[in-house]
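Letter by letter, the chains look like this.
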Amino acid sequence: MEKKPTVVFYPVDGMGHVVPMVELAKLFVRHDFAADVVLMHSPTKHPSFDPFVARVSASHPSISFHQLPPPAESVDDPSSQSFLYSVRPNNPQFLQFLSSYRHESDVRAVVLDFFCTDALEVTAELRLRTHFFFSSGASDLGVCLYLPTMHASMDVSFGDLGDAPLHYPGMPPIPASHMPSHMMERENEMLKKMVRMFDRLPDADAILINSFDHFEAEAVEALRSGVCVPGRRMPSVYCVGPLVVDASGERNGERPACLEWLDAQPLGSVMFLCFGSMGSFSVDQLKQIATGLERSGQRFLWVVRAPPSGEGVNVILHPSEPDLDALLPEGFLERTKRRGMVVKSWAPQVEVLNHAAVGGFVTHCGWNSTLEAITAGVAMVAWPLYAEQRLNKVFLVDQMKLAVAMEGYDREMVTAEEVETKLRWVMESEGGKELRERAAAMKEKAAEARREGGSSQLAMLEVIAKELQLLKSN
Ligand SMILES: O=c1ccn([C@@H]2O[C@H](COP(=O)(O)OP(=O)(O)O[C@H]3O[C@H](CO)[C@@H](O)[C@H](O)[C@H]3O)[C@@H](O)[C@H]2O)c(=O)[nH]1
């Protein structure tokens, strides 16, 4: 029997990385490829990771998952960025897997998560075509690619520059204070590691981005022109998104209570507050949010996680169940029960955002959340927390005008007054109405990009035809 051409996917284990990469794998499968997702051994795993893999395996049998055995070199580093350090120790296992697997399958290319630049050594040894998948946006990719150049040209730390604007090609001015926190110190080991990693991104045959041309037009143009990697060859860049998971068809059993609750709310009336797979707040901050929600008089659906009870990524990934009575102001749940709902730890975000009752989204600006809001046409209130989320806030608020900032996100506390003001502004003001109209218009552009003949669909066909040297259509 003729073997199907196969693409191997190699994500890091963060949900924000695995989920969109599996969506990318589904696109290849739709074009008659076999897809194999290789999971590296890692000490940190989100509680929804295994259920997610089980769900995809059941609903998409043409996507296989392979778990690498633990490496000889320990990766049990509980530091908060451990997956950065997990890649190299997994290289021998990855090499062994690919070497034997390519004998039984027609492996055409490997798609590496952009944090897996260390695995380039493996694919180079086997002479396999290698693409990076960038699970954040084109603007973020521009910053990453230009970072080695900027780092080499600076003799001060970002942290010493306050809000002074940094100029990355094709990007709006970025306050130095908005670079990711681990990049603030010039001599920080994590920053040096990132600089070395991003310096290798142009070594791929192509870079696939979870975005679409219209959404980040200026950044995409800058990337393609090569200005982000002065003096070097820039690989082809393909925006193949927005890749957004729709898990509704994969659920067995009852519809979650929060969706039932939304059914009973008026159109576009509910503000949804949710902060990604790891976002959490102190008790004081939770109380400020609750007070702001109550005073605003708006309807709301709020996902509350327990504040972290210690240090390390595993504590963040596995929070205890929140005790709402202890965390929220006394009587809050009772007083707001007619117009608000609080969900513990996790909500079906994509379905919530696509519910007609939802009119706004307070988000940490994780890229998946951003794209999910865009594809649902929901206006955003940007409350960035960590990683590249402050950069995303700059792009969304200053450049694209698709979000408004929750002021105080960069200070110790966002006040109840600010929460109240911002919610009222989005839901009741003329400016808020315009923001919601812009969000609705971008939803159409996102749908266009994914349709037959749309930019992302054509980009995918080009990847297959040009990068994989295979001509295939639907
Ligand atoms: O209650 C919840 C909370 C989250 N989600 C889903 O979890 C994902 C969260 O992804 P994202 O918004 O990207 O946030 P993070 O999980 O924080 O993702 C990490 O990875 C992203 C992609 O690289 C980065 O943009 C982020 O900054 C980084 O924190 C989304 O699909 C959400 O729909 C839910 O379904 N329910």
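Residues numbered from 1 in each chain as written. Predicted model: local features only at pLDDT ≥ 70, side-chain atom pairs only at ≥ 80, totals over all residues. Heavy atoms only, no water.

Student: Explanation requested: the state of the cysteines in the structure shown.
Tutor: Two cysteines joined by a covalent bond between their sulfur atoms form a disulfide. Using the criterion set out here, one finds 0 disulfides in the structure. The thiol of C116 is unpaired, and the distance to the nearest cysteine sulfur, on C144, comes to 14 Å. (Disulfide = S-S within 2.5 Å.)

Student: Looking at this structure, how should I read helix 18 (residues 455-467)?
Tutor: An α-helical turn contains 3.6 residues, so any two residues separated by three or four positions project in the same direction. In this model, helix 18 (13 residues) spans 17 Å end to end at C-alpha, consistent with the 18 Å of a helix rising 1.5 Å per residue. Among the residues of helix 18, those classed as buried are S456, Q457, A459, M460, V463, I464 and E467. Looking down the long axis of helix 18, one finds its buried residues gathered within 160° of arc, a one-sided arrangement. Against the buried residues of helix 18 lie helix 1 (15-30), strand 5 (129-134), strand 8 (206-209), strand 9 (236-239) and helix 17 (430-450). In the segment just after helix 18, Q469 is the residue with positive phi, at about 50°. (Helix = DSSP H or I, 4+ residues; strand = E, 2+ residues; numbered from the N terminus. Expected span 1.5 Å × (residues − 1). Buried < 20%, exposed > 50% of the residue type's maximum accessible area, 1.4 Å probe, protein only. Arc of directions from axis to C-beta. Contact = heavy atoms within 4.5 Å.)

Student: Where do I start with the sheet that holds strand 8 in this structure?
Tutor: Sheets are built from strands that pair by backbone hydrogen bonding, the pairs being arranged parallel or antiparallel. On the basis of which strands lie adjacent, the open sheet formed by 7 strands has the order 3-2-1-4-5-8-9 and parallel pairing. Each end of this open sheet is capped by a strand with a single partner; those strands are strand 3 (63-67) and strand 9. Sheet twist, expressed as the average angle between the axes of neighbouring strands with direction ignored, equals 25°. As paired strands, strand 5 and strand 8 are joined by 4 bridges and run parallel to one another. Note on strand 8: the bridge partner recorded for F133 is L208. Strands strand 2 (34-39) and strand 3 of the sheet are contacted by helix 2 (residues 49-59), whose axis makes an angle of about 145° with strand 3. Its contacts with the sheet put helix 7 (residues 217-225) on strand 8 and strand 9, and the angle it makes with strand 9 is roughly 160°. (Pairing = 2+ DSSP bridges. Axes fitted to C-alpha atoms, helices over the stretch in contact; angles between N-to-C directions.)

Student: Whenever I open this one, unusual backbone geometry confuses me. Can you help?
Tutor: Residue G241 is joined to P242 through a cis peptide bond whose omega torsion reads 0°. Relative to the helices and strands, P242 resides in the loop between strand 9 and helix 8 (257-263). Positive phi outside glycine occurs at K401, with the angle close to 55°. Mapped onto the secondary structure, K401 falls in the loop between helix 15 (389-399) and strand 15 (403-405).

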